[in-house]
Amino acid sequence: MSAGSLFFFKTIMRSRCNQRTFMSDFENYHETSQHYDLTRVPVGLEIIAKALGRSPTPLANQTLLDAGCGTGAYAAAFVSRVKGIVAIDLNPKMLAAAKSRFNGAKSPTPVRFCRAAIDTLPLAGAAVDAIMLNQVLHHLGDSAQTGWARYRQVFWECARILKPGGILIVNSCSHQQLERGFWSYSFIPEALEKVKRFLPAEAVLKEVLCDAGLTSIDREVPYAGVLQGERYFDIRGILDPTWRDGDSIWSLVPETNLHAVLTEVNQLLQLGHMDEFMRHADRQRHLVGQTTFTIAQRVINL
Ligand SMILES: C[S@@+](CC[C@H](N)C(=O)[O-])C[C@H]1O[C@@H](n2cnc3c(N)ncnc32)[C@H](O)[C@@H]1O
């Protein structure tokens with residue numbers, strides 16, 4: 001085992017892998033892990049690379065944590081560019097999918113996987129140079145009602161395990177992006193409102209980050225990035241459960257509402273109006289983008 005690998009192994013083993021805290025309240029990732037990659041692609045990779053460049057540690061020497069890694073698409077995009085990756089996820093099937101993505105890959109970079117929650121990270125203090133939280137925070141099920149207590153816990157954990165000057169990258173949808181960046185959400189307004197409650201407004205997110213000792217906060221939007229890749233534009237997609245599995249918002253739609261939506265989509269398809277409907281509902285996406293990268297840096301002395 002190389003010195004780098006040994007370091008990762010020890011770091012992981014130093015703490016227990018906590019299994020239960022704030023698991024996704026609404027998406028069943030046991031089921032969706034099988035289909036997730038059919039409709040999801042990593043976006044904003046150039047923004048992440050630029051953010052990692054703000055660390056005092058050169059990229060090639062960085063240890064990067066992918067927190068809530070899912071099937072590991074973001075980790076895979078950086079594996080050949082950093083010194084080591086730690087990938088954690090609470091869901092064993094998502095984690096297994098991430099592991100299999102790396103199986104057989106000939107990268108010299110050590111990648112360590114751990115089943116853990118993002119609010120109790122199984123890493124020692126100042127263990128990593130950078131952390132990515134891609135499309136995971138809304139699964140905390142937190143809201144303004146708690147004063148964003150779960151978000152605060154996650155960011156304290158991030159600040160604890162980041163080296164001084166380390167970088168935190170939060171990839172989450174803004175309210176405006178949810179409202180105007182996803183054409184299919186016009187069929188499911190109640191689910192849209194529910195997801196918005198799980199995501200703080202930008203000013204609140206900034207306050208919560210600052211409170212945890214994370215500062216120098218910037219935002220960037222990958223306007224051309226589409227989280228579902230080409231399949232986003234599939235006008236029959238809503239009818240396909242595997243398409244819906246690629247976006248957890250659909251699991252917030254009660255069965256009876258879903259039935260009504262499917263009927264409406266079928267009618268639009270039969271009338272030959274679905275393509276026009278999709279293009280109209282999608283007309284503002286390029287103005288707002290689908291997701292925002294909020295980039296923060298751990299202050300030197302916490
Ligand atoms: C929408 S997926 C995003 C996956 C990946 N980051 C990506 O962008 O492709 C959300 C992931 O977060 C994980 N997750 C949800 N709540 C979590 C928690 N409290 N701690 C760790 N992982 C969590 C889920 O199991 C799932 O794999």
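Before reading on, note that the structure itself is shown above.
Owing to the predicted nature of the structure, the values given are computational and were not obtained by experimental measurement. (Residues numbered from 1 in each chain as written. Predicted model: local features only at pLDDT ≥ 70, side-chain atom pairs only at ≥ 80, totals over all residues.)

What follows covers the sheet that holds strand β1 (residues 63-67). On the basis of which strands lie adjacent, the open sheet formed by seven strands has the order β3-β2-β1-β4-β5-β7-β6 and mixed pairing. The sheet terminates laterally at β3 (111-115) and β6 (214-220), the two strands that pair on one side only. The mean inter-strand angle of the sheet, taken between neighbouring strand axes irrespective of direction, is 15°. Examined bridge by bridge, strand β4 (residues 128-134) and strand β5 (residues 162-172) share six bridges and lie parallel to one another. Its bridge partner being in β5, L133 is matched across the sheet by V170. Sheet strands touched by helix α5 (residues 92-102): β2 (84-89) and β3. Its angle to β3, the strand with the most contacts, is close to 170°. Sitting on the sheet, helix α9 (residues 202-211) touches β6 and β7 (292-298), and the angle it makes with β6 is about 150°. (Pairing = 2+ DSSP bridges. Helix = DSSP H or I, 4+ residues; strand = E, 2+ residues; numbered from the N terminus. Axes fitted to C-alpha atoms, helices over the stretch in contact; angles between N-to-C directions. Contact = placed C-beta atoms within 7 Å.)

What follows is about the pairing of β1. Judged by how many residues are buried, β1 sits mostly within the fold: five of five residues are covered. The alternating pattern of β1 places T63, L65 and A67 on one face and L64 and D66 on the opposite face, and all of these are buried. This β-α-β element, β1 to helix α4 (residues 73-78) to β2, shows right-handed connectivity. Across three bridges, β1 lies against β4 in parallel orientation. Pairing of D66 across the sheet is with M132, part of β4. (Buried ≥ 20, exposed ≤ 12 C-beta atoms within 10 Å, placed from the backbone. Right-handed = clockwise from strand over helix to strand, strands pointing away.)

So, about the nonpolar core. Core analysis: the biggest nonpolar cluster contains 61 residues, and A75, V128, I131 and I169 have the highest contact counts within it. Per element, the largest residue contribution to this core is six residues, and it comes from helix α6 (residues 149-161). Listed in part, the seven residues of the second largest apolar core include F187, A191, I249 and W250. (Core = buried A, V, L, I, M, F, W, Y, C linked by C-beta atoms within 7 Å.)

A word on α5. What α5 keeps buried is the set M94, L95, A97 and A98. Seen from one end, α5 has its buried residues packed into an arc of 155°, which puts them on one side. (Arc of directions from axis to C-beta.)

This part is about helix α3 (residues 45-52). Those residues of α3 that fall on the buried side of the exposure criterion are I47, I48, A51 and L52. End-on view of α3: buried residues confined to an arc of 135°, all on one side of the axis. Contacts made by the buried residues of α3 are with β4, β5, β6 and β7.

Let us now look at the packing of α6 against α9. At a minimum axis separation of 9 Å, α6 and α9 run at an interaxial angle of 45°. What the angle tells us is that α6 and α9 run oblique. As for how α6 packs across α9, the hand of that crossing is right-handed. Here Y151, R152 and F155 of α6 lie close against α9, whose contacting residues are V208, L209 and D211. Of the residues contributing to the contact of α6 with α9, the split by class is four nonpolar, no polar and two charged. (Parallel < 35°, antiparallel > 145°, perpendicular 65-115°, else oblique. Left-handed = near helix turned anticlockwise from the far one by under 90°. Nonpolar A, V, L, I, M, F, W, Y, C, P; charged D, E, K, R; others polar.)

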